[in-house]
Amino acid sequence: MALFRKKDKEEVIGLPENLPQHVGFIMDGNGRWAKKRGLPRTFGHREGAKNFKKIVRYCKDIGLKNISFYAFSTENWQRPKEEVETIMDLFREYIVDVRKHLSENTRMIFLGDKSVFDDDLREKMIKLEQDTAHYTEMNLLMAVNYGGRDEIAHAARLLAQQVKDGTLDPADITEDSISENLYTKGIPDVDLVIRPSGELRLSNYLIWQCAYAEYYFTDILWPDFTSEELDKALIDFDGRHRRFGGV
Ligand code: FPP
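Residues numbered from 1 in each chain as written. Predicted model: local features only at pLDDT ≥ 70, side-chain atom pairs only at ≥ 80, totals over all residues. Heavy atoms only, no water.

Asks: Teacher, can you tell me more about the side chain of Q209 here?
Replies: When you line up the elements, Q209 lands in the loop between β5 (192-195) and β6 (214-217). The exposure class assigned to Q209 is buried, which follows from its relative accessible area of 2%. (Helix = DSSP H or I, 4+ residues; strand = E, 2+ residues; numbered from the N terminus. Buried < 20%, exposed > 50% of the residue type's maximum accessible area, 1.4 Å probe, protein only.)

Below you can see the structure in the form of structure tokens.
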């Protein structure tokens with residue numbers, strides 16, 4: 001049984017005092033989930049996508065404000081064609097579906113270079129971003145064709161262009177100006193990263209934004225990651241003493 005929930009805010013009980021401003025999810029373990037059952041990897045991604053929808057809904061119910069999901073990295077294109085195509089089809093289906101499922105007031109933002117996607121998918125992403133740009137209850141960020149180093153290189157190019165145009169003095173480049181040129185512009189830094197499946201690494205996910213993040217690792221595979229497990233991560237986060245380099 002989940003600790004806090006559910007259908008409407010009136011029923012939410014026992015929320016920890018310090019909820020993270022931004023929770024980043026690394027949806028890992030889909031392939032292993034399928035393999036354990038003797039199924040093709042693509043089945044694991046289907047289950048992973050279903051679980052994404054459930055977890056997003058729960059995050060909204062308990063009032064999280066910013067949630068991000070690592071859905072596809074710049075390196076994931078190296079996977080077998082069939083697997084990549086399945087993931088693209090799941091994006092087509094779920095990014096539209098998840099919006100309906102969340103009802104109104106959720107802003108959707110896609111992090112990464114969208115130019116490489118098929119026209120129909122890219123247009124869907126851009127339209128969702130435009131249609132939801134004014135919503136304020138929750139920001140749902142999905143990292144697609146995303147890499148943290150790639151994002152920082154992209155920001156550097158934007159800043160260099162401003163210098164070239166004569167609108168920016170190099171001496172005025174600060175941490176804030178770099179943040180302002182990332183895909184996450186205007187979104188608070190990640191303060192809790194959740195990675196299921198037993199891997200203990202960040203894998204190039206929001207590396208700038210995770211500079212002071214806390215981490216929660218679990219052996220559970222992403223398709224099996226439940227709202228109860230998220231509760232545990234939030235309670236754990238609530239108990240951490242964050243010093244940000246101080247004492
Ligand atoms: C990592 O598991 C997962 C991915 C690279 C893709 C994530 C995609 C989804 C959850 C499906 C589509 C998502 C949405 C939001 C509609 P893995 O394949 O590396 O698993 P493994 O480490 O067990 O092989």
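Continuing now.
Asks: What's the story with unusual backbone geometry in this structure? I'm lost.
Replies: Working note: non-glycine residues mostly have negative phi, and peptide bonds are mostly trans. At N145, a position not held by glycine, the phi torsion is positive, near 50°. Here N145 lies in the loop between β4 (138-143) and α5 (148-165). By relative accessible area, which is 6% here, N145 ends up buried. Even without being glycine, S197 reaches a positive phi, approximately 85°. Note on placement: S197 falls in the loop between β5 and β6.

Asks: Help me out: how do you make sense of the nonpolar core in this one?
Replies: Here is a general trend for soluble globular proteins: nonpolar side chains tend to be buried in one another's company. Of all hydrophobic cores here, the largest spans 40 residues; its most connected members are F25, I67, F69 and L140. Looking at which element gives the most residues to this core, the answer is helix α3 (residues 81-101), with six residues. Not counting chain neighbours up to four residues away, the residues in contact with L140 comprise F52, V56, I67, F69, V98, L102, T106, R107, M108 and I109. L141, V190, L202 and L206 belong to the second-largest nonpolar core, a separate cluster that totals 16 residues. (Core = buried A, V, L, I, M, F, W, Y, C linked by side-chain atoms within 4.5 Å. Contact = heavy atoms within 4.5 Å.)

Asks: Help me out: how do you make sense of the packing of aromatic side chains in this one?
Replies: Each aromatic ring pair is characterised by the separation of its centres together with the angle its planes make. Summed over the entire model, instances satisfying the criterion amount to 13 aromatic pairs. With a centroid separation of 4.9 Å and 85° between ring planes, the pair formed by F52 and F69 is classed as edge-to-face. Residue F52 is located in helix α2 (residues 41-61), and its partner F69 is located in strand β2 (residues 66-70); the two are separated by 17 residues in the primary sequence. Owing to a relative accessible area of 0%, F69 belongs among the buried residues under this scheme. Note on F72 and W77: the rings are 4.8 Å apart at their centroids and 75° apart in plane angle, and the pair reads as edge-to-face. Overall, W77 belongs to the partly exposed group, its relative accessible area being 33%. Cluster of aromatic residues (ring-pair linked, three or more members): F25, F52, F69, W222 and F225. We note R37 situated over the ring of W33; from NZ or CZ to the ring centre the distance is 3.9 Å. (Phe/Tyr/Trp six-rings, centres within 6.5 Å; stacked < 30°, edge-to-face > 60°. Lys NZ or Arg CZ within 6 Å of the ring centre and 35° of its normal.)

Asks: Help me understand the sheet that holds β6 in this model?
Replies: The strands that make up a sheet pair up through hydrogen bonds in the backbone, lying either parallel or antiparallel. Pairing is parallel across the open sheet formed by six strands, whose spatial order is β3-β4-β2-β1-β5-β6. Because the sheet does not close on itself, it has two edges, and the strands there are β3 (106-111) and β6. In this sheet, neighbouring strand axes are inclined to one another by 20° on average, regardless of whether the strands run parallel or antiparallel. Pairing of β5 with β6, which is carried by four bridges, proceeds in the parallel orientation. Opposite R195, over in β6, you have F217 as the bridge partner. Docked against the sheet, α2 engages β1 (22-26), β2, β3 and β4, running at close to 155° with respect to β4. (Pairing = 2+ DSSP bridges. Axes fitted to C-alpha atoms, helices over the stretch in contact; angles between N-to-C directions.)

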